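Architecture and fold: a report
As a plain string of letters, each chain reads:
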Number of protein chains: 2
Amino acid sequence: METGQIRLNKVTGEWVIYAPSRRKRPQDFQQNSQDSIAFKQSQNHCPFCSDNENKSEQVLLEIKNNQQDHWQTKVVANKFPALNFHENSKRSLEGIYMTMSGYGHHEVVIESPDHQKTIATLSISEIIVIIETYQKRYLKLMEDKEIMMVIIFRNHGKGAGASLRHPHSQIIASSIVPSHRRLQEAEAQRYFDHWARCVYCDILNFEINEKSRVIVENKLFVSFVPFAAEFPCEIWIMPKQHQADFGSITSEEITAFATILKDSLSRLYNKLNNPDYNYVINTAARYKAEEPQLHWYCQIRPRLTTPAGFELGSGISINPSIPEVDAAFLRD
Amino acid sequence: METGQIRLNKVTGEWVIYAPSRRKRPQDFQQNSQDSIAFKQSQNHCPFCSDNENKSEQVLLEIKNNQQDHWQTKVVANKFPALNFHENSKRSLEGIYMTMSGYGHHEVVIESPDHQKTIATLSISEIIVIIETYQKRYLKLMEDKEIMMVIIFRNHGKGAGASLRHPHSQIIASSIVPSHRRLQEAEAQRYFDHWARCVYCDILNFEINEKSRVIVENKLFVSFVPFAAEFPCEIWIMPKQHQADFGSITSEEITAFATILKDSLSRLYNKLNNPDYNYVINTAARYKAEEPQLHWYCQIRPRLTTPAGFELGSGISINPSIPEVDAAFLRD
């Protein structure tokens, strides 16, 4: 088996994953010839539809529906993993550069047997099962002591990098923590050292009082457009209770989160004609979950604009919308 | 006039620009209804073609061609500026958040009167004029003491965020330096403090000796695929002489840079069927140009893959190609 590799960018401190199962030849990337990564809309050959079920797929978890006659949500190993637990996590030098093999886990959460559904159109009880599944896999993956960070994310639509329409999310567990993440931890640490408070709790309380950017809230969660949103109609969903670790979410919180997630995504679905989007659950890396300065949240980013050279080069975003206007639009 | 705003993301330390001239209503971002930002291929109504010239446009610099009868390259104020020099650069607090008005400059370099050309198909003498133009505007913009950073970049094709086909690049001068940039400076500073050498010079020398990632070199520049390339066929062009500041490029270097830039982009153009790409000239922010640890370079990123939720959430890239394979493909 060809092994994967993770390489460190010496000038930015960021890691890049090179995965053999996702590899293509340079000529396959030619403009206008990307049939191989065409977005698969049809359910005829959908690998996640039960009728086309691959008996050899590695099922990691399966939740039956109420009638117990069929799976409702299941987790399978990604057939084209970015990271692979058959590899090792040993670092080494390649000349002047830091490198390691591609250790990690890459799983797919097939959210429903129904090819046509998405979070916005699933029932709350179905979404509760999805969130419970996230939590179960998160806790399971964190038992692997090599794993430093677990990223739970969803790509919806071709413009958001999805290759299949069937409703699914993904979980990647890695033994590296990127400097991107460490930078956010350092900002939160500095804020805590100054104010002795969690910066996320302060944002949360400010937004709830201020109201202009809030979309919807319930007893345990608030959904709002962040003050410095990078994308039009970007949404953050945050637990009101201080909590760094998504893994410690309670069953009451799971119900409240499922409710506000469906509500928020339904607003995008209805008001923006089912836009492409990504969401990611930002939760503490290993060893950070017990510290007081971090706070997990779900970040939803509609993909309705194209970042260009200025954004790539500077890291500064240009958002052609206004958070307060977006919030009012999504709220009403 | 409605004023722009730049807001600081309190948890990442990154800035986001909200520009009134680029503003749209949230409903205008609906999926599949983005006619307003359609890519303009045709030259019939191209605002950069001489026949459609807008007499009211603000020309900042114009270079005549050899026959002196017509402009060859010209710089105009962007009609939809991300930043505006009519505003001010005063910071203030909005509740708990840092904000400022949208001070800065945003210019367009119209590279040629010929609508159909691009860098890959222009002559070296024409590209020399473009690079000279970059340098002139860079030096002019840095005379404005409010400006902390100048970003010179090019968006080629719709997938790279371009809205017009006519060959052009852009220059944005801002009074903010993003944490993205400060992070790179800190990495270079730490390397210098350890080794007493510029990390970019070390990379340059390693790559020239190692050869496997080099695409082409001349006396003054080398073009290579970086060891931890984020994108398939990503290319860095770097001056061999240690030099932090693009503004100090000599006329001999301009010729060598124009030659290797055309060569590198022609390889992409020919081998990948004129792919969409961005390039950006990474040069030192104000006050950093005299320090020994930085080195300017041109970063070319073809846009042949779509970053998804994992990349947005973690800052880790997944590159489905291999730098050494890409370099061999582009070299041969």
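Residues numbered from 1 in each chain as written. Chains lettered and ligands numbered in written order. Predicted model: local features only at pLDDT ≥ 70, side-chain atom pairs only at ≥ 80, totals over all residues. Heavy atoms only, no water.

Some thoughts on the overall build of chain A
Check the secondary structure of chain A and you find 6 helices and 15 strands. Taken over the C-alpha trace, chain A has a radius of gyration of 20 Å; the compact-globule value for 332 residues is 20 Å, and the two agree within 12%. Relative to its 332 residues, chain A shows a buried fraction of 60%. Entry remark: accessible area of chain A is about 13100 Å², with carbon and sulfur atoms responsible for 50%. Of the charged side chains in chain A, 37 are positive and 39 negative, and the gap between their average positions amounts to 3 Å. (Helix = DSSP H or I, 4+ residues; strand = E, 2+ residues; numbered from the N terminus. Rg over C-alpha atoms; globule rule 2.2 N^0.38 Å. Buried < 20%, exposed > 50% of the residue type's maximum accessible area, 1.4 Å probe, protein only. Areas by Shrake-Rupley, 256 points an atom, 1.4 Å probe, with all protein chains shown as cover. Lys, Arg positive; Asp, Glu negative; His and termini not counted. Charge placed at Lys NZ, Arg CZ, Asp CG, Glu CD.)

Comments concerning the relation of the copies chain A and chain B
Superposition of chain A onto chain B requires a rotation of 180 degrees combined with a translation of 0.0 Å along the rotation axis, giving an RMSD of 0.0 Å. A rotation of that kind, with that shift, is consistent with a two-fold axis. A share of 100% of the interface residues of chain A reappears at the interface of chain B, consistent with the copies meeting face to face through the same patch. (Least-squares fit on C-alpha atoms with pLDDT ≥ 70 in both. Contact = heavy atoms within 4.5 Å.)

Structural notes on the UniProt feature "binding site: Zn(2+)" (unreviewed entry) in chain A
Residue and element names in this part refer to chain A. Annotation from UniProt places "binding site: Zn(2+)" (unreviewed entry) at Cys 46, Cys 49, His 115 and His 166. The greatest C-alpha distance among the residues just named is 8.3 Å, despite their covering 121 residues of sequence, which places them together in space. Tracing the backbone shows Cys 49 in the loop between strand E2 (15–18) and strand E3 (59–64). One can find His 166 in the loop between strand E8 (149–156) and strand E9 (168–174). A residue is classified by how much of its surface remains accessible, and His 166, at 0% relative accessible area, is buried. Setting aside residues up to four positions removed in sequence, His 166 forms contacts with Cys 46, Phe 48, Cys 49, Ile 110, Ser 112, Pro 113, Asp 114 and His 115. At 2.7 Å, the side chain of His 166 forms a polar contact with the backbone oxygen of Ser 112. (UniProt positions renumbered as here; feature names shortened; annotations may be inferred. Polar contact = N/O pair within 3.5 Å; in protein donor to acceptor, adjacent residues only side chain to side chain.)

As for the packing of helix H2 (residues 179–195) of chain A against helix H3 (residues 199–210) of chain A
All names here are of chain A. Across the interface, H2 lies against H3 with an axial gap of 9 Å and an inter-helix angle of 80 degrees. Between H2 and H3, the crossing angle belongs to the class labelled roughly perpendicular. Counted together, Gln 184, Ala 188 and Tyr 191 of H2 and Val 199, Tyr 200 and Asp 202 of H3 form the full contact between these two elements. A class-by-class count of the residues in the contact of H2 with H3 yields 4 nonpolar, 1 polar and 1 charged. (Axes fitted to C-alpha atoms, helices over the stretch in contact; angles between N-to-C directions. Parallel < 35°, antiparallel > 145°, perpendicular 65-115°, else oblique. Nonpolar A, V, L, I, M, F, W, Y, C, P; charged D, E, K, R; others polar.)

Here we look at the interface of chain A and chain B
Listed per partner, the contact involves 98 residues of chain A and 98 residues of chain B. Both sides of the chain A and chain B interface together cover about 8100 Å² of buried area, and 65% of this is carbon and sulfur. Of all residues in chain A, A:Val11, A:Gln31 and A:Phe227 bury the most surface against chain B, accounting for 10% of the area lost on that side. Counting every contact that joins chain A to chain B gives 2 salt bridges. Two residues, A:Arg7 and B:Glu324, come together in a salt bridge whose shortest N-O distance is 3.0 Å. The tally of links between chain A and chain B comes to 22 residue pairs in polar contact (both at pLDDT 80 or more). Broken down by element, the side of chain A that touches chain B gets its largest block of residues, 7 residues, from H2(A). Considered class by class, the residues forming the side of chain A that touches chain B number 49 nonpolar, 29 polar and 20 charged. Sheet topology note: the strand E15 (residues 317–318) of chain A/strand E2 (residues 15–18) of chain B ladder contains 2 bridges and is parallel. By the bridge assignment for E2(B), A:Ser317 is matched with B:Val16. (Buried area = accessible area lost by both parts, 1.4 Å probe. Salt bridge = Lys/Arg side-chain N within 4 Å of Asp/Glu carboxyl O. Pairing = 2+ DSSP bridges.)

So, the sheet that holds strand E5 (residues 91–94) of chain B
As summarised here, the arrangement of the 5 strands in space is E15(A)-E2(B)-E1(B)-E6(B)-E5(B), forming an open sheet in which the pairing is mixed. Two strands close off the open sheet at either side, each with one partner strand: E15 of chain A together with E5 of chain B. Pairing of strand E1 (residues 5–8) of chain B with strand E6 (residues 97–101) of chain B, which is carried by 3 bridges, proceeds in the antiparallel orientation. The partner of B:Ile6 across the bridge, within E6(B), is B:Met100.

Brief notes about the sheet that holds strand E12 (residues 235–239) of chain A
All names here are of chain A. Taken together, the 10 strands give an open sheet; going across it, the order is E3-E4-E7-E9-E8-E13-E14-E12-E11-E10, and neighbouring strands pair in antiparallel fashion. Looking at the sheet topology across the chains shown, the edges are occupied by E3 and strand E10 (214–217). On average, adjacent strands in this sheet sit at an angle of 15 degrees to one another, irrespective of strand direction. Two elements, E8 and strand E13 (residues 277–282), share 5 bridges in a ladder whose sense is antiparallel. By the bridge assignment, Asn 155 is partnered in E13 with Asn 278.

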